[in-house]
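Listed here are the chains, written in short residue letters.
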Amino acid sequence: MSSRSPPPSALHPEDRPDPADETGPWLAVAVAAALCWVVLVLFERRLLVVGSSPWALVRSAYSLLVAPLVAATCYQDDRVRSAVGAGVGRARWLYVGVALLFPPVIGLYLAHRRLFTAPGGEER
């Protein structure tokens, strides 16, 4: 690597020598965020008065912050897995779309990933 070439972190993901550089803790983040979403929804439904300021804050938090976080981490996890040939294919978009409304769908994504995708990436 010459002194003028950019560091690997500045390269486009497809230009990096090893796609494993982006594996990251995507599933851990997605599962933690989905659990947070469930807790916030239960908290909102059981303890808060509809129309109050705390209700609006909690509802905004789980619908505008937590749900998109789960969808983004699900997408990122499958994108990285697809780079090594082990993604779930076009079903990724279904999981990401549903995760925007119901983040616990990450459990189905994990089951699909584990049960229907072989280690080499082909469907079982």
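Residues numbered from 1 in each chain as written. Predicted model: local features only at pLDDT ≥ 70, side-chain atom pairs only at ≥ 80, totals over all residues. Heavy atoms only, no water.

**Examining helix α2 (residues 53-83)**
Here is the rule we go by: The secondary structure listing takes helices from DSSP runs of H or I that are at least 4 residues long and strands from runs of E that are at least 2 residues long, numbered from the N terminus. How far a helix is expected to stretch is found by multiplying one less than its residue total by 1.5 Å. By definition, a residue's bend is the angle between the axes fitted to the seven residues ending there and the seven starting there.
With 31 residues, α2 extends 44 Å between its outermost C-alpha atoms, agreeing within 8% with the 45 Å of an ideal straight helix rising 1.5 Å per residue. Roughly 30° is the biggest bend found in α2, and it falls at V66, with proline P68 one to four residues downstream.

**Side note on the packing of aromatic side chains**
Rule in force here: Note on aromatic contacts: the rings of Phe and Tyr and the six-membered ring of Trp form a pair at centre separations within 6.5 Å, being stacked when their planes are under 30 degrees apart, edge-to-face when over 60 apart, and tilted otherwise. Relative accessibility under 20% of the residue-type maximum defines a buried residue, over 50% an exposed one, and the middle range a partly exposed one, all with a 1.4 Å probe and only protein chains included.
One pass over the full model with this rule turns up 4 aromatic pairs. Ring centres 5.5 Å apart and planes at 85° place the aromatic pair W37 and F102 in the edge-to-face group. Within this pair, whereas W37 is found in helix α1 (residues 26-47), its partner F102 is found in the loop between α3 (91-99) and α4 (106-116), the two being separated by 65 residues in sequence. Residues Y95 and Y109 carry aromatic rings whose centres are separated by 5.6 Å and whose planes lie at 75° to one another, so their mutual orientation is edge-to-face. Of the two residues, Y95 is situated in helix α3 and Y109 in helix α4; the sequence distance between them amounts to 14 residues. With respect to burial, Y95 and Y109 carry one shared label: buried.

**Focus on the packing of α2 against α4**
Definition in use: The axes used here are C-alpha line fits, helices contributing only the stretch in contact, and every angle between their N-to-C directions lies in the interval 0 to 180 degrees. Any angle from 65 to 115 degrees is called roughly perpendicular, while one under 35 is roughly parallel, one over 145 is roughly antiparallel, and all others are oblique. Less than a right angle of anticlockwise turn of the near helix away from the far helix marks a crossing as left-handed, whereas a clockwise turn marks it as right-handed. By definition in these notes, contact holds between two residues if any of their heavy atoms fall within 4.5 Å. Three classes are used, and their members are as follows: Ala, Val, Leu, Ile, Met, Phe, Trp, Tyr, Cys and Pro are nonpolar, Asp, Glu, Lys and Arg are charged, and the others, Gly among them, are polar.
Contact geometry for α2 and α4: axes closest at 11 Å, N-to-C directions at 10°. Judged on the interaxial angle alone, α4 and α2 are roughly parallel. Read as a crossing pair, α2 and α4 show a hand that is left-handed. When α2 is examined against α4, the residues V70, C74, D77, D78 and R81 are found in contact with a partner set consisting of I106, Y109 and R113. Split by residue class, the contact of α2 with α4 holds 4 nonpolar, no polar and 4 charged.

**Section: the nonpolar core**
Rules: Joining through side-chain atoms within 4.5 Å is the link that ties buried Ala, Val, Leu, Ile, Met, Phe, Trp, Tyr and Cys residues into a set, and such a set is a nonpolar core.
Counting residues in each nonpolar core, the largest one holds 23 residues, and the members touching the most others are W37, Y62, V70, C74, Y95, I106 and Y109. Elements represented by at least two residues in this core include exactly α1, α2, α3 and α4. Ranked by residue count, the leading element in this core is α2, at 8 residues.

**As for the side chain of Q76**
The test is simple: What qualifies as a polar contact is a pair of N or O atoms within 3.5 Å, subject to a donor-acceptor requirement within protein and to the restriction that residues adjacent in sequence count only when both atoms come from side chains.
Structurally, the position occupied by Q76 is in helix α2. Separated by 3.2 Å, the side chains of Q76 and R79 make a polar contact.

**Topic: the packing of α1 against α2**
Between α1 and α2, the least distance of the axes is 9 Å, while the angle of their chain directions is 160°. Relative to α2, the element α1 lies roughly antiparallel. You can see that α1 and α2 cross each other, and the crossing is left-handed.

**Quick word on the pattern of salt bridges**
For the record, the criterion: A side-chain nitrogen of Lys or Arg and a carboxyl oxygen of Asp or Glu constitute a salt bridge if their distance falls within 4 Å.
On inspection of all chains with the given rule, the structure shows 4 salt bridges. One salt bridge in this structure joins R45 and E44, with 3.8 Å as the shortest N-O distance. Classification of E44 by relative accessible area gives buried; the value is 5%. E44 is the partner of R59 in a salt bridge, and the nearest nitrogen-oxygen pair spans 3.2 Å.

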